[in-house]
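Structural features, examined
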Amino acid sequence: MSEHTLSRKISLLQATAINMTDMVGIGPFVVLSAVAETMGGPSFLYAWLAGALLSFIDANVWSELGAAYPLAGGSYNFLKQGYGPKWGRLASFLFIWQTMIQAPLVIASAAIGFAQYFGYLVPINTLQGKLVSGSVVILIVVLLYRKIEAIGKISVLLWMGVLVTMAWIIGSGVIHGNFAAPIKHANEGFEFSWAFAGMLGYASIKTVYSYLGYYNVCHLGGEIVNPQKNIPKSMFLSIFGIAILYLLMNISVASVLPYQAIVKSKFVVSEFVQTLQGTRAAMVVTVLILVVAFASVFSATLGYSRVPYAAAADGAFFKIFARLHPTKNFPYVSLLFLGGIAFIFSLVFKNISDVVHAILAMRILTQFIAQAAGLLMLSKRKGRAFLPWKMFLYPVPVIAAIIMWLALFFSTGRSLMLSALVFIAAGVVVYFIKEAIAPSSPAPLHEVERGDAKNM
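Our subject in this report is the structure included herewith.

Let us look at the packing of helix α4 (residues 75-82) against helix α5 (residues 84-121). Where α4 contacts α5, the two axes come as close as 6 Å, and the packing angle between them is 155 degrees. The angle between α4 and α5 falls in the class roughly antiparallel. Both α4 and α5 take part in a crossing whose hand is right-handed. In this structure, α4 uses S75, Y76, L79, K80, Q81 and G82 to contact α5, whose residues at the interface are G84, G88, R89, A91, S92, F95 and I96. Split by residue class, the contact of α4 with α5 holds 5 nonpolar, 6 polar and 2 charged.

Next up, the structure:
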């Protein structure tokens, strides 16, 4: 794969901003009520802690692989290298196979959530909601159709919008004077049982969705300055910062609104601000939430657009996706394709909850678990000294990540698990047909590329 055509212009600050804007998005504002309802009481804070724990553990896997292969495409490279010459092509192909559907689903889910929350400002019907979500996707593609230096600056600006919004919500709860109450009552009626574990797993599907994006920097590996240090740093900084913000936001809302009001609300944060500061303030914070949602779609689309490009540049996907814009130097074909599919999905799907479950069911096996297992194989084959960044207590975090992802996979439900397995099986068939017709180049990523990246 040729990486010299991509420029390393994204700093640690910009990488962290890209991750955090992708992580926050509309997710925590839309799923807050659903998480509280699933947990059935004040113990819903545990679901947010569980999401943070899984993200932190899994980030160790991403950090080792991201520092070792700081190239465009992220998981595509990790799977190809982890499974070696024999199975690496199949593993990485299956990732691309699911990405072509899963990535537009992620983008569409954020756009659908945007349209849902827009309904607080202006009551809209189903058709109008689809027009709003579709317009969001189109505008994102237009904004991303430019050089990476400009995108880095835009990301920092959007990130500031995220911080301002969260600060307002949290600060309002603190000023109200009852901020500690949800923490004091979090264990009321708590008793660990298999039923509680089941509820926690189901609720964690939504909280983990709200944390997804901590690894976005890995997809932009070929454009990160000093990637061996900045890729791991940006991920852990993002997870720590967002976990604190999520917990404080949930505590803040629960310190003002009664539990029953939280579970029934479609615009829980807006109604929280309305209760404290009136309708006008609620309208303003809703606009800020929409800015955050827009920022998330922006960041997610940016990262995913590099994945098909990386596979195509490596000779493992359709060549047209390897094209870079002649003057702006970004993978414009990949961006336009994913944006087009996301636009269609934003018009087709209605319920963001269904999209969230489908996203995780598709990704857990072919990406999260697959690359964790791939890291174990890579470490055995090349030795731990090969990796420039090393996790603490290896291989405990890797094994823990696999177990937790499996538990979450089972929590998505039988139908989605079966659909994911069928989709993977179809991908295997397509891969072998493709290889029979037009075999991929067997050449692995060149070690010189990794060496060059270390010095940038």
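What follows concerns helix α1 (residues 12-24). It helps to recall that an α-helix has 3.6 residues per turn; residues three or four apart then point in one direction. Along its 13 residues, α1 runs 18 Å from first to last C-alpha, staying within 8% of the 18 Å computed at 1.5 Å per residue. Of all the 13 residues making up α1, 11 are buried; the element is thus mostly covered by neighbouring parts of the structure. Of the positions making up α1, those classed as buried are Q14, A15, T16, A17, I18, N19, M20, T21, D22, M23 and V24. One or two residues past the end of α1 sits G25, with phi positive at roughly 50 degrees.

Inspection of every chain in the model, using the stated rule, returns 21 aromatic pairs. Considering the side-chain rings of W62 and F368, the 6.3 Å spacing of their centres and the 65 degrees angle between planes classify their relative orientation as edge-to-face. Remark: F368 occurs in helix α17 (residues 352-382) and W62 occurs in helix α3 (residues 45-68); sequence separation between them is 306 residues. Taking 5.7 Å as the distance between ring centres and 90 degrees as the angle between the ring planes, the aromatic pair formed by Y117 and F267 counts as edge-to-face. Of this pair, Y117 sits in helix α5 while F267 is found in the loop between α12 (259-264) and α13 (268-277), placing the two residues 150 residues apart along the sequence.

Glancing now at the packing of helix α9 (residues 194-211) against helix α18 (residues 396-411). Their axes nearest at 8 Å, the elements α9 and α18 cross at an angle of 105 degrees. Comparing the axis directions of α9 and α18 gives the class roughly perpendicular. Residues G201, Y202, S204, I205 and V208 of α9 form the contact with α18, whose own contacting residues are W405, L408 and S411. Its residues assigned to classes, the contact of α9 with α18 comprises 5 nonpolar, 3 polar and no charged.

Quick look at helix α19 (residues 414-437) now. Given a rise of 1.5 Å per residue, 24 residues ought to cover 34 Å, and the 35 Å separating the end C-alpha atoms of α19 matches this to within 8%. Among all positions of α19, only M417, A420, I424, G427, Y431 and E435 are buried.

A separate point is the pattern of salt bridges. In total, this model carries 4 salt bridges according to the counting rule given. Here R384 ties to E64 by a salt bridge, and the two come within 2.4 Å at their closest N and O atoms. Of this pair, R384 sits in the loop between α17 and α18 while E64 sits in helix α3; the two residues are 320 residues apart in sequence, bridging distant segments of the chain. Judged by its relative accessible area of 0%, E64 is buried. Ionic pairing is found between E223 and R306, a salt bridge with its closest N-O pair at 3.2 Å. Of the two residues, E223 is situated in the loop between α10 (216-219) and α11 (227-254) and R306 in helix α15 (residues 306-313); the sequence distance between them amounts to 83 residues. E223 sits in the buried class, given a relative accessible area of 1%. Here the residues in one salt-bridge network are K80, R89 and D314, joined through shared partners.

Parameters and conventions
- Residues numbered from 1 in each chain as written.
- Predicted model: local features only at pLDDT ≥ 70, side-chain atom pairs only at ≥ 80, totals over all residues.
- Heavy atoms only, no water.
- Axes fitted to C-alpha atoms, helices over the stretch in contact; angles between N-to-C directions.
- Helix = DSSP H or I, 4+ residues; strand = E, 2+ residues; numbered from the N terminus.
- Parallel < 35°, antiparallel > 145°, perpendicular 65-115°, else oblique.
- Left-handed = near helix turned anticlockwise from the far one by under 90°.
- Contact = heavy atoms within 4.5 Å.
- Nonpolar A, V, L, I, M, F, W, Y, C, P; charged D, E, K, R; others polar.
- Expected span 1.5 Å × (residues − 1).
- Buried < 20%, exposed > 50% of the residue type's maximum accessible area, 1.4 Å probe, protein only.
- Phe/Tyr/Trp six-rings, centres within 6.5 Å; stacked < 30°, edge-to-face > 60°.
- Salt bridge = Lys/Arg side-chain N within 4 Å of Asp/Glu carboxyl O.

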